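# Structural characterization, general
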Amino acid sequence: MITLYWNPQTRAERMFWLLEEIDEPYRLERFNYKDGAQPSEAFKQASPLRKLPALSDDDVHLADSAAIALYLADRYAMGRLAPALDDPARGPYLYWMFFTPSALEPAIAEKVGGLEPRPTSYPWGTFDRMTGAFEDRLKGRHWIASDSFTMADAVMSSSIAYIAAFKLYEPVPHVADYLARCTDRPSYAAAAKRLEEAMAALA
Ligand SMILES: N[C@@H](CCC(=O)N[C@@H](CS)C(=O)NCC(=O)O)C(=O)O
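What counts, and where the lines are drawn
Residues numbered from 1 in each chain as written. Predicted model: local features only at pLDDT ≥ 70, side-chain atom pairs only at ≥ 80, totals over all residues. Heavy atoms only, no water. Near = heavy atom within 4 Å. Polar contact = N/O pair within 3.5 Å; in protein donor to acceptor, adjacent residues only side chain to side chain. Areas by Shrake-Rupley, 256 points an atom, 1.4 Å probe, with all protein chains shown as cover. 1 Å grid on protein atoms, 1.4 Å probe; cavity = no way out; pocket = protein on both sides within 12 Å on 5 of 7 lines; lining within 4 Å. Sits in = over half its atoms within 2 Å of the grid points. Nonpolar A, V, L, I, M, F, W, Y, C, P; charged D, E, K, R; others polar. Helix = DSSP H or I, 4+ residues; strand = E, 2+ residues; numbered from the N terminus. Buried < 20%, exposed > 50% of the residue type's maximum accessible area, 1.4 Å probe, protein only. Contact = heavy atoms within 4.5 Å. Points joined across faces, edges and corners; volume = space filled by probe spheres on them. Axes fitted to C-alpha atoms, helices over the stretch in contact; angles between N-to-C directions. Parallel < 35°, antiparallel > 145°, perpendicular 65-115°, else oblique. Phe/Tyr/Trp six-rings, centres within 6.5 Å; stacked < 30°, edge-to-face > 60°. Expected span 1.5 Å × (residues − 1). Domains from an automatic or database assignment. Buried area = accessible area lost by both parts, 1.4 Å probe. Pairing = 2+ DSSP bridges.

### Regarding the site of the ligand
- Close to the ligand lie Thr10, Arg11, Arg14, Tyr33, Lys51, Leu52, Pro53, Asp64 and Ser65.
- Contacts to the ligand include Lys51, whose side-chain N or O atom sits 2.7 Å from an oxygen atom.
- Asp64 places a polar side-chain atom, nitrogen or oxygen, 3.2 Å from a nitrogen atom of the ligand.
- Protein chains shield 75% of the accessible area of the ligand, which is 510 Å² for the free molecule.
- The pocket occupied by the ligand, as judged from atoms lying within 2 Å of grid points, is the largest pocket.
- The class makeup of the residues in the shell around the ligand is 3 nonpolar, 2 polar and 4 charged.

### What about the side chain of Arg14?
- If you trace the backbone, Arg14 turns up in helix 1 (residues 13-22).
- Owing to a relative accessible area of 13%, Arg14 belongs among the buried residues under this scheme.
- Within the structure, Arg14 has its side chain in polar contact with the side chain of Ser158 (distance 3.2 Å).
- Apart from residues lying up to four places away in sequence, Arg14 is in contact with Ser65, Glu105, Val155, Ser158 and Ser159.

### A word on the layout of surface pockets
- The volume enclosed by the largest pocket comes to roughly 1100 Å³.
- Per-element tally for the lining of the largest pocket: the top contributor is helix 6 (residues 151-165), with 7 residues.
- Class assignment of the residues belonging to the lining of the largest pocket gives a composition of 22 nonpolar, 9 polar and 7 charged.

### With respect to the packing of helix 5 (residues 127-138) against helix 7 (residues 173-183)
- Packing of helix 5 against helix 7 brings their axes to within 9 Å, and their N-to-C directions diverge by 75°. One element, helix 5, and the other, helix 7, form an angle in the roughly perpendicular class. Contacts from Phe134, Glu135 and Leu138 in helix 5 reach His174, Val175 and Tyr178 in helix 7.

### Examining the packing of aromatic side chains
- Counting across every chain of the model gives 15 aromatic pairs.
- Seen from their ring centres, Trp17 and Tyr188 are 5.0 Å apart, and the 85° between their planes marks the pair as edge-to-face. One end of the pair, Trp17, is in helix 1; the other, Tyr188, is in helix 8 (residues 186-202), and 171 residues separate them in sequence.
- Ring centres 6.5 Å apart and planes at 65° place the aromatic pair Trp143 and Tyr178 in the edge-to-face group. Note that Trp143 is positioned in the loop between helix 5 and helix 6 and Tyr178 in helix 7, a separation of 35 residues in sequence.

### Some points on helix 6
- Counted at 1.5 Å a residue, the expected span for helix 6 with its 15 residues is 21 Å, and the 21 Å between its end C-alpha atoms agrees.
- In terms of burial, helix 6 is largely enclosed, as 12 of its 15 residues are buried.
- Taken residue by residue, helix 6 has Met151, Ala152, Asp153, Ala154, Val155, Met156, Ser157, Ser158, Ser159, Ile160, Ile163 and Ala164 as its buried positions.
- On the buried face of helix 6, the contacting elements are helix 1, helix 3 (65-76), helix 4 (90-112), helix 5 and helix 7.
- Following helix 6 by one or two positions, Lys167 has its phi on the positive side, about 60°.

### Observations concerning the domain arrangement of the chain
- Partitioning the chain into structural domains gives domain 1 (2-79 + 187-202) and domain 2 (90-184).
- Taken over C-alpha atoms, the centre of domain 1 sits 22 Å from the centre of domain 2.
- At the junction of the two partners, domain 1 supplies 16 residues and domain 2 supplies 17 residues.
- When the two sides are added together, the surface that domain 1 and domain 2 hide from each other amounts to roughly 1300 Å², 69% of it contributed by carbon and sulfur.
- Looking only at domain 1, the three residues that lose the most surface to domain 2 are Arg14, Trp17 and Leu70, adding up to 40% of its buried area.

### Quick look at the sheet that holds strand 1 (residues 2-6)
- Strand order in the open sheet formed by 4 strands is 2-1-3-4, with mixed pairing between adjacent strands. Only two strands of the sheet have a single neighbouring strand rather than two, namely strand 2 (26-30) and strand 4 (60-63). Averaged over all pairs of adjacent strands, the angle between their axes in this sheet comes to 20°, without regard to strand direction.
- With 5 bridges connecting them, strand 1 and strand 2 associate as parallel partners. Each residue of the ladder has a partner; that of Thr3, found in strand 2, is Arg27.
- Sheet contacts for helix 8: strand 1 and strand 2; angle to strand 2, the most-contacted strand, approximately 40°.

This is the structure in structure tokens:
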């Protein structure tokens, strides 16, 4: 059985969407680090940095949004949400899946922390080079990695939506269309419903 470690208003919320995409049953375990709660042993095993989201699947324990996305797609939706190993789309899929944790998310530090841009030192180049990269890639494309939706779209679009929500980035029209295509998916609506139920259970 899959367990998602989560807390409201964290990146763990986007995991509901990934889990609805694979259409497997899952249970929730809250780790309310904001209240100084003690993490369970299973959570500590999954997340050495004590970061959310984290996930256990029987004896498999792991954390980080992109790592969880890769794991779930390979394990439960290979050839559907993850291009098969011999599919030429596998290369771009890996590149764009890792783009989010290696470039997009770290680049937030430049904006929020007011860091002086150091394009050759920082792994994301500059924040603007990073946003320019996904804008260029999405020109004339429906999905970031392949001809159909993959887990890389779920991870990337939720991070783009995050920087847009916090006014760090204004989506150009074709990126706004991409975000709408992603959130139009039935699994996105199913995830929102499950999250609403989870929130109601906390009240
Ligand atoms: N790149 C990571 C970021 C994880 C992250 O920073 N999570 C925050 C919540 S959004 C967290 O767990 N904060 C608690 C802490 O740092 O103690 C991912 O997407 O999984």
